[in-house]
Structure formats: structure tokens, C-alpha cells
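Examining the three-dimensional arrangement
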Amino acid sequence: MQLSETVKLYMSKSEYQLVKDTMDTYIATVNSIVSDAVNGKSIAKLTTKGIDANLPSALANQCIRDARSIVRKYNKACRDAERKNAKLAKEGKKIKVTAALPILKKPCFYVNNQNFKINGTNIEFPVMANGKSKRLSISTKMTDRQISTFASHKLGTMRIVCKNNSIVAQIVYEADEPAIPNEGNVMGVDLGIKCPAASYISDGNIKFYGNGRKNKYMRRHYRYLRKKLQEAKHVDAVKRINDKEQRIMRDIDHKISHDIVETAVAHNVKVIKLERLANIRSTARTSRKNNHGLHNWSFYRLAQFIEYKAKLAGITVEYVNPAYTSQTCPVCGHVHHANDRKYTCKCGFHIHRDVLGAMNICNSTEHVGDSNIRHAA
């Protein structure tokens, strides 16, 4: 499986300007190639000779690969939109769906593993200086673990990008997945807002993770700060607040996913079952009170964190159909809504609503894979 490490780059003013110019040129070049392809120009046989950009040939080649990937995704989105429009027209609806052309905005550039090198705590990669390709050797601060990881694993693509007013290198590497055990328990995990996650294991263990009220309070707090700063027209401060909120929420997701996988390991779990998250925002019951939290919570990110941490622990992750998991009685099969957080069935069975969801996910046999979860990002 592929993982990544982020290291901060420490550069002189001249080196910073060279890297910044390379990022801007790279993004403009990719967008230009994509625009040409959308307007009917074939890029199937495009080479660096056909690109008029002040970039080293290695980065120009990467521009072509990135542009082709974007065009493939855009063409797929167009085909999906056509199918949906045909379905809507058949139903007599006048709504028309269109596919938006992706445009890269964030300054960055990618370097494949053949064109960068890690020497100790320095990273070497090509840029353009005075019209000629030049390899920069940039110093970084790597931990001992990162140095060991880069030395002992096969490296993938490196991304140079601006992050929190600094320039960092995000380096992908291949990590071995432990062997998956043949026997063990099954864990079902129910994701939500009031309770970020609840798990049920086939051995009867139940556990809740995170603090939904605290998370919602932080969301409201940062939303209030943004509103005040926007009224005062402090644009830079708004961006800093946004970045800080995202760092906090990402850290919370890391901690929750770590606790879930740690619990799974402690109870000899071989499979973790998660909800297929496609359309979770449209299918979940909403209200004015929780509508903002629903549309700002990254269910996909938490699911991704659980998945990759589980793989590192040698645990399989499966996705199941979440329909009626919080409404179906596991004893008699009767389907009805819970009363707030308490679920009581006419057969006498009663349980917390989120635990019921985790229990039904754990017992579900409707495995739907993971191809649809990306729609929830």
C-alpha cells in the first residue's frame, strides 16, 4: 500500500523564488494542456517538444501525465452527466446536470521517483534557472523514523506544495501490508455527528469514540470567528482560521481512527466493516440544528484513515450497504425509527441507536466494496 510523509523545506530567498516560479508554471501548463484537450486537440501523442513552458523536461513530462489523468476523469464525469440527463428527461424533469472542468489553482508540482533524490536530510530535484535545468539540493528537518523509512522503502512520486505559508515535500512510499489472519472477530463501525463513531465487535464488545458535542462546538466557534473576520475584511486571518480548524479536525479523525484500529487489534478482529458513504449527506435525516455540521463533516476522511491504519495492522476493511442499519431490529427484523438516541422495538429489544447501527453493520452480508465512498468527500 502507498503511504506518504511530509517534510518542510528550508530554502534561501533565491531558491524559494525558483521553486515558486516552477510551481506557478507547472499549474499553468497542466491547465493549458487540459484546455486544449477539452477544445478538441489530441494530447494522446503529446511530448515535451510540443509544450512551450519554462520547465525541466522531467516536470514537463509529468505535466502531460497529470493533464491526461484530469481529462480522463472529466470525460468520465461527462458520460455520467449524459446518462443522468437522459434518465431525468425520461422522468419528465427539466433539470440538467453538467460536468465541471477541473482547474488546478493551488501552486504545486510533482516529481516522479526517477527525478528526485534524498541524500541524508537533503532533497534534490530539478527546477529552471536562467533558462536551464538545474538541480536544487534543499535542506529539510527529517525525523530519524522518516530517514529510516525513505532509506528502506521504494519511493513513489514527490509533491512540492505550499502549506500553511511554508513549502513542503510530500513523498509517497510503498509499505508492506501484514498477512491477513484466517480467523478472528468482525467489527462494525457506525459513523455519525453526535457520536463520531461507535463500534460493535462480534464478541460483544461495544465502544464509543470521540466527542460529537465538542466537535460541533469547535465548528460553531470557528464559524463565528470567520464571520467576524470577514466583516472586518481580514482575508489572511480568515485563511489562517480555516487552516487551523482543518488541522484540528484532521487530528481528531486521526485519533479516532487510531483508537478504532487499536480496539480491533486488542479483540483479534480480522475484518472491519464500514458504511458505504455514498450519498450519506442526502440520505441522513437533517434539521436546521445539525444541517451545517452534516455538510461540513468529512466522513470520507475518517473512513480513509480507518482503512489505511487497519491495513497496516493486517485487518481487512469492507464496505456494506448502510440502508436501515439504525432502524432494523436484529432480533425480529422490524424496521422503525429510533426515539432520539434510544431504539426500542415492540419485541422488547432496546439499545443505543448508534450501537444498533454498528451491530447491523457488523452482521451485514451486503458487501458493496469501496468504489462508491469517494462521493462523500
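Residues K106, K163, K244, R247 and R250 make up a contiguous surface patch of positive charge. Among the elements that take part in the positive patch, helix α5 (residues 235-266) stands out by supplying 3 residues, more than any other. Mapped onto the secondary structure, R250 falls in helix α5. Taking relative accessible area as the criterion, R250 reaches 41% and is therefore assigned partly exposed.

Turning to the nonpolar core, a few remarks are in order. Formed by 46 residues in total, the largest nonpolar core has its most connected members in F109, I123, F125, M158, I160 and I171. For this core, the elements supplying multiple residues, two or more each, are β1 (2-10), α1 (13-38), α2 (57-90), β2 (108-111), β4 (122-129), β5 (132-140), β6 (155-163) and β7 (166-174). Examining the composition of this core, we find that 9 residues originate from one element, α1, more than from any other. Beyond its immediate stretch of four places on either side in the chain, F109 contacts V19, T22, M23, Y26, L59, F125, M158, R159 and I160. Among the nonpolar cores identified, the runner-up in size contains 26 residues, and Y209, A303, I306 and Y319 belong to it.

For the rest of this paragraph, the subject is the environment of I260. Structurally, I260 is set in helix α5. Classification of I260 as buried rests on a relative accessible area of 0%. Taking C-alpha positions, I260 is 29 Å from K163, a pair spaced 97 residues apart along the chain.

Glancing now at the packing of helix α4 (residues 212-231) against α5. Contact pair α4 / α5: the axes reach a minimum separation of 9 Å and the direction vectors enclose 170°. The angle between the axes of α4 and α5 places the two elements in the roughly antiparallel class. Here N215, M218, R219, Y222, L225, R226, L229 and Q230 of α4 come into contact with α5, specifically with A237, V238, I241, N242, K244, E245, Q246, I248, M249 and I252. Classifying every residue of the contact of α4 with α5 gives 10 nonpolar, 4 polar and 4 charged.

It is worth spelling out the environment of G40 at this point. Examined against the element boundaries, G40 turns out to sit in the loop between α1 and α2. Among the residues examined, G40 registers a relative accessible area of 65% and is labelled exposed.

When pLDDT is averaged along the protein chain, the result is 87; 92% of the residues meet or exceed 70. Every residue in residues 281-296 is under pLDDT 50, and counting partners more than four places away or in other chains gives 20 contacts. Here residues 371-377 is modelled with pLDDT under 50, and outside its nearest four sequence neighbours on either side it reaches 16 contacts, counting other chains as well.

We now examine the packing of α1 against α2. Contact geometry for α1 and α2: axes closest at 9 Å, N-to-C directions at 45°. On the basis of their axis angle, the class for α1 and α2 is oblique. For the pair α1 and α2, the crossing hand works out as right-handed. Residues T22, Y26, T29, V30, I33, V34, A37 and V38 of α1 form the contact with α2, whose own contacting residues are L59, Q62, C63, I64, D66, A67, I70, V71 and Y74. Looking at the contact of α1 with α2 residue by residue, the classes come out as 13 nonpolar, 3 polar and 1 charged.

Q146, T149 and F150 are the residues of helix α3 (residues 144-152) that are buried. In an axial view of α3, the angular spread of the buried residues amounts to 95°, which keeps them on one side of the axis. Turned more than 90 degrees off the buried face of α3, the exposed positions are D144, A151 and S152. The inward-facing, buried residues of α3 contact β1, β3 (117-119), β6 and β7.

Either a parallel or an antiparallel arrangement is found when strands of a sheet pair, and the pairing is made through backbone hydrogen bonds. Strand order in the open sheet formed by 5 strands is β10-β9-β8-β11-β12, with mixed pairing between adjacent strands. Whereas interior strands pair on both sides, the edge strands pair on one side only; in this sheet they are β10 (206-209) and β12 (316-320). Sheet twist, expressed as the mean angle between neighbouring strand axes with direction ignored, is 25°. Summarising the sheet, strand β9 (residues 197-201) and β10 pair through 4 bridges and their orientation is antiparallel.

What counts and how
Residues numbered from 1 in each chain as written. Predicted model: local features only at pLDDT ≥ 70, side-chain atom pairs only at ≥ 80, totals over all residues. Heavy atoms only, no water. Patch = residues over 30% accessible without salt bridge, like charges linked within 9 Å, V, L, I, M, F, W, Y side chains within 5 Å. Areas by Shrake-Rupley, 256 points an atom, 1.4 Å probe, with all protein chains shown as cover. Salt bridge = Lys/Arg side-chain N within 4 Å of Asp/Glu carboxyl O. Lys, Arg positive; Asp, Glu negative; His and termini not counted. Charge placed at Lys NZ, Arg CZ, Asp CG, Glu CD. Helix = DSSP H or I, 4+ residues; strand = E, 2+ residues; numbered from the N terminus. Buried < 20%, exposed > 50% of the residue type's maximum accessible area, 1.4 Å probe, protein only. Core = buried A, V, L, I, M, F, W, Y, C linked by side-chain atoms within 4.5 Å. Contact = heavy atoms within 4.5 Å. Axes fitted to C-alpha atoms, helices over the stretch in contact; angles between N-to-C directions. Parallel < 35°, antiparallel > 145°, perpendicular 65-115°, else oblique. Nonpolar A, V, L, I, M, F, W, Y, C, P; charged D, E, K, R; others polar. pLDDT = per-residue confidence, 0-100. Left-handed = near helix turned anticlockwise from the far one by under 90°. Arc of directions from axis to C-beta. Pairing = 2+ DSSP bridges.

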